Amino acid sequence: MMKIALLTHSVNPRGGVVHTLELARALHDAGHAVTVFAPAAPGQALFRRVPFAVELVPVPAAPKDMVTMVAGRIDATVRHIAALPGRGAFDIWHAQDSISGNALADLADAGLIDGFIRTVHHLDHFDEPPLMHWQRRAYERARQVFCVSPLWCRTLLAEHGIDAMLVHNGVDLQRYRPEAQALDAEVAAKHGLRPGAPLWLAVGGVEERKNTLRLFEAFVQHRQQRPDTQLAIVGGASLLDHDAYQAAFREAVAAAGIGDALRLTGPVADAEMPSLFRLADGLLMPSLREGFGLVVLEALASGTPVVVSRQAPFTEYLAETDVHWADPCSSTSIAAAMQRALAQPLHGVPDVCHRYSWPASAARHVALYRALHALA
């Protein structure tokens, strides 16, 4: 048995946080002692109940200034872990984000931990030099870097000289299933989703990285053939500043004049996500940049066709016939893929969902943990 600390950047349902919790659960089920550390502002709690230990790191409500927010969360995480009585019992310290990576680097500098592992899901560009410095430091100071896709392994090696190890994501086939459940109708009514009308789902809120503006333009084009179609954009709890992009999105929506055809739900209860995937006739994921795209597997496991960008990382783990491909820089291409998806519903769960499991991901992590622990 290993004692493993996993650190994530939020208590909200973002992809990296979901990865952390699913990995932690699989490690826990395999007999390891896992503690997840996550920052929580006053009144916040983890979005999902979990069977393993959780340490909530108290932080103030996030200020608008990103640099101040990140600096404050790094400092809060350092102080919380430094004061932890059982800090020295952990075999592995594993950061899933830049905030916790910098906190662990500070703790290593102070001699309070031996070192840490960092998973890079994807890299961002920031205009503020401190944010770029912290992002870089979080992987440069790690004893070992993991990535969830070959794309980011290649990027880190070519652009930063970091030889990262590949670890896979997974999907929970008990949680995400195509069979209708009693909760589905309740979720549809709660979010104003019309029964009998085609429904498209997008997950992650309104963000430039998610390509939400082009996604919406494609939806408007698609409605010329199917005027009864709805689009639900779910989620969006992010630490990053998306105000300018969201303002442009609101202008596009106002100009389109589509009434209640668009549903912006914001973050939803964790228990509602499987129902939303099942209710949807298709998932829209024409992202410009992703680490892996967990929701693609979750939608496919739910029996829902997916429109994705024809680019890595999607092209690295999805077969030609698993999804409906689109050029993410063309709303016309996305709209055409939507038409194809409606004409070709899924029959059964694709094989790709059986190839990616959280127990397999946990086993890969443990093998790498043991190899690194033996070298310490």
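Here the structure is shown first, and the text comes after it.
Okay, so let's go over this structure.

Calculation criteria
- Residues numbered from 1 in each chain as written.
- Predicted model: local features only at pLDDT ≥ 70, side-chain atom pairs only at ≥ 80, totals over all residues.
- Heavy atoms only, no water.
- Axes fitted to C-alpha atoms, helices over the stretch in contact; angles between N-to-C directions.
- Helix = DSSP H or I, 4+ residues; strand = E, 2+ residues; numbered from the N terminus.
- Parallel < 35°, antiparallel > 145°, perpendicular 65-115°, else oblique.
- Contact = heavy atoms within 4.5 Å.
- Nonpolar A, V, L, I, M, F, W, Y, C, P; charged D, E, K, R; others polar.
- Left-handed = near helix turned anticlockwise from the far one by under 90°.
- Core = buried A, V, L, I, M, F, W, Y, C linked by side-chain atoms within 4.5 Å.
- Buried < 20%, exposed > 50% of the residue type's maximum accessible area, 1.4 Å probe, protein only.
- Pairing = 2+ DSSP bridges.
- Right-handed = clockwise from strand over helix to strand, strands pointing away.
- Phe/Tyr/Trp six-rings, centres within 6.5 Å; stacked < 30°, edge-to-face > 60°.
- Lys NZ or Arg CZ within 6 Å of the ring centre and 35° of its normal.
- Salt bridge = Lys/Arg side-chain N within 4 Å of Asp/Glu carboxyl O.
- Polar contact = N/O pair within 3.5 Å; in protein donor to acceptor, adjacent residues only side chain to side chain.

Helix 8 (residues 243–256) packs onto helix 7 (residues 212–222) with a crossing angle of 10° between their chain directions and a minimal axis gap of 10 Å. With respect to helix 8, the element helix 7 is oriented roughly parallel. Contacts between helix 7 and helix 8 involve Thr212, Leu213, Phe216 and Val220 on the former and, on the latter, Tyr245, Ala248, Phe249, Ala252, Val253 and Ala256. Counted by class, the contact of helix 7 with helix 8 contains 9 nonpolar, 1 polar and no charged residues.

Okay, the packing of helix 3 (residues 98–109) against helix 4 (residues 129–140) next. Put simply, helix 3 and helix 4 touch, their axes get as near as 8 Å, and they point 60° apart. Put simply, helix 3 runs oblique to helix 4. You can see that helix 3 and helix 4 cross each other, and the crossing is left-handed. Only Trp134, Gln135, Arg137 and Ala138 of helix 4 make contact with helix 3, whose side of the interface consists of Ser98, Gly101, Asn102, Ala105, Asp106 and Asp109.

With that settled, the discussion passes to the nonpolar core. By size, the foremost hydrophobic cluster in this structure holds 64 residues, and its most contacted members are Val296, Leu318 and Tyr369. Ala5, Phe90, Cys147 and Leu151 belong to the second-largest nonpolar core, a separate cluster that totals 35 residues.

Moving on: the pairing of strand 1 (residues 3–7). With 4 of 5 residues buried, strand 1 is to be regarded as a mostly interior element. By the bridge criterion, 5 bridges tie strand 1 to strand 2 (residues 33–40) in an arrangement that is parallel. Residue pairing across strands places Ala5 opposite Thr35, the latter belonging to strand 2. Between the parallel pair strand 1 and strand 2, the chain is carried across by helix 1 (residues 15–29), and the sense of this crossover is right-handed. Pairing analysis gives 4 bridges linking strand 1 to strand 4 (residues 92–95), with the strands arranged parallel. Bridging across to strand 4, Ile4 finds its partner in Ile92.

Another aspect to go through is the packing of aromatic side chains. What the rule picks out here adds up to 10 aromatic pairs. Three or more aromatic residues link up through ring pairs in this structure, and these residues are Phe37, Phe90 and Trp93. A cation over an aromatic ring shows up here: Lys3 above the ring of Phe90, its NZ or CZ 4.9 Å from the ring centre.

This next bit is on the pattern of salt bridges. Summed over all chains, the structure comprises 22 salt bridges. With a shortest N-O distance of 2.7 Å, Asp109 and Arg141 are connected by a salt bridge. Here Asp109, found in helix 3, pairs with Arg141, found in the loop between helix 4 and strand 6 (144–147); they are 32 residues apart in sequence, far enough to count as distant. Here Arg177 and Glu179 are joined by a salt bridge, their closest N and O atoms 3.6 Å apart. Note on Arg177: relative accessible area 35%, which makes it partly exposed. Among the charged side chains, a salt-bridge network with shared partners connects Glu22, Arg25, Asp29, Arg48, Asp172, Arg175 and Asp270.

As a further point, take unusual backbone geometry. With an omega of 10°, the peptide bond running from Ala312 to Pro313 counts as cis. Among the secondary structure elements, Pro313 is positioned in the loop between strand 12 (306–309) and helix 11 (314–317).

The next subject is the side chain of Thr77. For Thr77, the location among the structural elements is in helix 2 (residues 66–82). Polar side-chain contacts of Thr77 include one of 2.8 Å to the backbone oxygen of Arg73. Contact partners of Thr77, with chain neighbours within four places excluded, come to Leu7, Val57 and Ala103.

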